[in-house]
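# Fold and geometry: a report
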Amino acid sequence: MSVVLQSSSGWVLDSQALIDRGYTSCTSWTGHHKSHVKCNFKRQCFHISKSHYNMSGGGDGGLTVMTQKTEKSAKKRKRKHGELNQGEIDAKAFHEKIRSVILEGTKSLVDSAQSLGYLSGETKTSQDHLPSQDCRLAALCELAKELPLVADEEQEWTQSLLTDEGVALHVDLFSQVIENSQAWASVVPLMGEEYIIPPNAAFLLSDFTRIQPLVQCGRRFDVIVIDPPWENKSVKRSRRYSSLPSSQLKRLPIPLLGSPGCLVVTWVTNRPSHLRCVRDELYPHWGVEVVAEWFWVKVTTSGEFVFPLDSPHKKPYEVLVLGRYRPANDHTSPLQTANVPVEDKRLIVSVPSALHSQKPSLSEVLKLYVGAEAKCLELFARSLQPGWTSWGNEVLKFQHISYFNLEPADTAKAEATEDTADSPAET
């Protein structure tokens, strides 16, 4: 069960189960030959059993073992004791403001989860090393920018990934929204690698300068989740990805992508300047009204914070800012759920991924506020979700086959599942 429990404090999520729910039925294509496979995300990615005492931050949610070399580097960067700068003062004030919410809410949720046998510290996982696929997608997007843009009237903005005979021969990954319209996942060869595409998922692989196919395909979304590549020193040192300043983020075409009443959810790092940017710059610029702040609390498999709550460096939580898109001159009828109140100060408690920047899926917790049939979009995505549209220059990163375990499936059972999915629903 992907949502372990829900209470007035928030939710406890099983991130592994949230991913695996999209792969209960999966096919693999070799040329025109189709076979059925069982597929699940590698469980060792979510085996965070130790707190920071033996580990060091690997970015947004990622944890890596601290080596002697990195420990020495950390000591070198340590500033001399002195007065706090303004950013540190703001961060401390914000932490003190929400500390009791995090502490008490997490204890309540973890206690309830442990009474159900979850977060008990007992995990069945292999001792294999974490997958370390060399992601070249961002570099490929850079190369694709050299290709000429097609005139709008000549361009088809969407393309099906699969045909009745298998994978489409010519898939334009960089200038079209690619769709898997099947009700099951598929292992497909793309750009010389194999990726697993979840059911009813669509994606655009491009950077910021080539986002127009997403706008031109004409879809309006009821949920937009944004995971911006925030600027910070850690990212610059590690060179894990290219960051964007707020002036660039403002150019995201949210008013062209969101339906009236669309729920906009933005992941924010623990820098107060980033939080102010979302609340005071980005949302007002897009016509989005702030309605709530939630917190993703990262815990070990035993339910402990991955970092001390009062650590001056790494915090065991991240912020999500939720807002409703309220177009000033749009008089069309908004979603029935657009006026459903979004509770403030809710917690999402989960074991984080050991893979850098892999966030938990929000699909299950957002259903109450947008409805189960809402059209959902993720921006700056690094993975795909069933039924969602995703965009980013690494949008297929965690769909690479190296992150999954595959084994042959019961063919008869899988085909029966497909037949059920293909048959029309009774009315």
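Values in this document were obtained by computation on a predicted structure and should not be read as measured data.

## Considerations on the overall build of the chain
Counting its secondary structure elements, the chain contains 11 helices and 21 strands. For the chain, with 427 residues in total, the buried portion stands at 50%. Nonlocal contacts in the chain, meaning residues at least 24 apart in sequence, comprise 75% of its contacts between residues at least 6 apart. As displayed, the chain offers around 21,300 Å² of accessible surface, 50% of which is attributable to carbon and sulfur atoms.

## Some thoughts on the sheet that holds strand β14 (residues 221-226)
Here we have 12 strands laid out as an open sheet, ordered β1-β2-β18-β16-β17-β15-β14-β19-β20-β13-β10-β7, and mixed in their pairing. Two strands in the sheet have a free side with no partner beyond their single neighbour: β1 (3-7) and β7 (158-160). For this sheet the average axis-to-axis angle between neighbouring strands, irrespective of direction, equals 20°. As paired elements, β14 and strand β19 (residues 376-379) share 4 bridges and run parallel to each other. Across the sheet, Ile224 pairs through a bridge with Leu377, a residue of β19. On top of the sheet, helix α3 (residues 86-115) reaches β1, β2 (10-13), β16 (288-298), β17 (317-325) and β18 (347-350); it is set at about 55° to β18, its chief contact.

## Let's talk about the sheet that holds strand β21 (residues 404-408)
Ordered in space as β12-β11-β3-β4-β21, the 5 strands form an open sheet in which the pairing is mixed. The strands lining the two open edges of the sheet, one partner per strand, are β12 (193-197) and β21. When the angles between neighbouring strand axes are averaged without regard to direction, this sheet yields 35°. Sheet topology note: the strand β11 (residues 185-190)/β12 ladder contains 5 bridges and is antiparallel. Bridge pairing in β12 places Leu190 opposite Glu193.

## Observations regarding the environment of Arg43
In this structure, Arg43 sits in the loop between β4 (33-41) and β5 (55-57). Along the sequence, Arg43 and Phe404 sit 361 residues apart, while their C-alpha atoms lie 8.8 Å from each other.

## Considering helix α4 (residues 137-144)
For α4, the complete set of buried residues consists of Leu137, Cys141 and Ala144. Down the axis of α4, the smallest arc covering the buried residues is 60°, so these residues share one side. Its buried side turned inward, α4 meets β12 and β13 (201-205).

## Some details on the confidence of the model for the chain
Of all residues in the chain, 81% have pLDDT values of 70 or greater, and the mean over the chain is 84. pLDDT under 50 marks residues 53-75. Its contacts with residues more than four places away, or in other chains, come to 44 contacts.

## Here we look at the side chain of Ser186
Tracing the backbone through its elements, the reader meets Ser186 in strand β11. Assessed through its relative accessible area of 0%, Ser186 is described here as buried. Within the structure, the side chain of Ser186 is placed 3.1 Å from the side chain of Thr27, a separation counted as a polar contact. Not counting the four nearest positions on each side in its chain, Ser186 is found in contact with Cys26, Thr27, Trp29, Leu162, Asn180, Tyr195, Ile196 and Ile197.

## Re the packing of aromatic side chains
Ring pairs (aromatic) are described by centroid distance and by the angle formed between their planes. With the rule as written, the count across this model stands at 12 aromatic pairs. On the basis of an interplanar angle of 55° and a centroid distance of 6.2 Å, the ring pair of Phe41 and Phe46 is categorised as tilted. Phe41 sits in the buried class, given a relative accessible area of 1%. Taking the relative accessible area as the measure of exposure, Phe46 reaches 12% and is therefore buried. Centroid distance Phe208 to Trp391: 6.5 Å. Interplanar angle 70°. Geometry classified as edge-to-face. With a gap of 183 residues between them, Phe208 in the loop between β13 and α5 (212-216) and Trp391 in strand β20 (residues 388-392) connect regions that are remote in the sequence. Per residue, the accessibility class of Phe208 equals that of Trp391, and both read buried. By the ring-pair criterion, three or more aromatic residues cluster together here, those being Tyr23, Phe41, Phe46, Phe398, Tyr403 and Phe404. Over the ring of Trp296 we find Lys298; its NZ or CZ atom is 5.0 Å from the centre of that ring.

## Section: the side chain of Thr106
Inspection of the secondary structure assignment puts Thr106 in helix α3. Apart from residues lying up to four places away in sequence, Thr106 is in contact with Val101, Val297, Val299, Phe305, Leu347 and Val349.

## So, the pattern of salt bridges
Summed over all chains, the structure comprises 18 salt bridges. With a shortest N-O distance of 3.3 Å, Glu142 and Lys145 are connected by a salt bridge. Residue Lys145 is classed as partly exposed on the basis of its relative accessible area of 29%. With a shortest N-O distance of 3.0 Å, Asp344 and Lys345 are connected by a salt bridge.

## As for the environment of Ser302
Within the element layout of this structure, Ser302 appears in the loop between β16 and β17. For Ser302, a relative accessible area of 31% translates into the label partly exposed. Sequence-wise, Ser302 and Ser49 are 253 residues apart; in three dimensions their C-alpha atoms are separated by 6.6 Å. Setting aside residues no more than four positions away along its own chain, Ser302 makes contact with Gln114, Leu119, Ser120 and Gly121.

## Describing the packing of α3 against helix α9 (residues 272-286)
Axis separation between α3 and α9 bottoms out at 9 Å; the angle between their running directions is 75°. Relative to α9, α3 is oriented roughly perpendicular. Across from Gly87, Asp90, Ala91 and Phe94 in α3, the residues of α9 making contact are Pro272, Leu275 and Arg276. Partitioning the contact of α3 with α9 into residue classes produces 4 nonpolar, 1 polar and 2 charged.

Cut-off values and rules
- Residues numbered from 1 in each chain as written.
- Predicted model: local features only at pLDDT ≥ 70, side-chain atom pairs only at ≥ 80, totals over all residues.
- Heavy atoms only, no water.
- Helix = DSSP H or I, 4+ residues; strand = E, 2+ residues; numbered from the N terminus.
- Buried < 20%, exposed > 50% of the residue type's maximum accessible area, 1.4 Å probe, protein only.
- Contact = heavy atoms within 4.5 Å.
- Areas by Shrake-Rupley, 256 points an atom, 1.4 Å probe, with all protein chains shown as cover.
- Pairing = 2+ DSSP bridges.
- Axes fitted to C-alpha atoms, helices over the stretch in contact; angles between N-to-C directions.
- Arc of directions from axis to C-beta.
- pLDDT = per-residue confidence, 0-100.
- Polar contact = N/O pair within 3.5 Å; in protein donor to acceptor, adjacent residues only side chain to side chain.
- Phe/Tyr/Trp six-rings, centres within 6.5 Å; stacked < 30°, edge-to-face > 60°.
- Lys NZ or Arg CZ within 6 Å of the ring centre and 35° of its normal.
- Salt bridge = Lys/Arg side-chain N within 4 Å of Asp/Glu carboxyl O.
- Parallel < 35°, antiparallel > 145°, perpendicular 65-115°, else oblique.
- Nonpolar A, V, L, I, M, F, W, Y, C, P; charged D, E, K, R; others polar.

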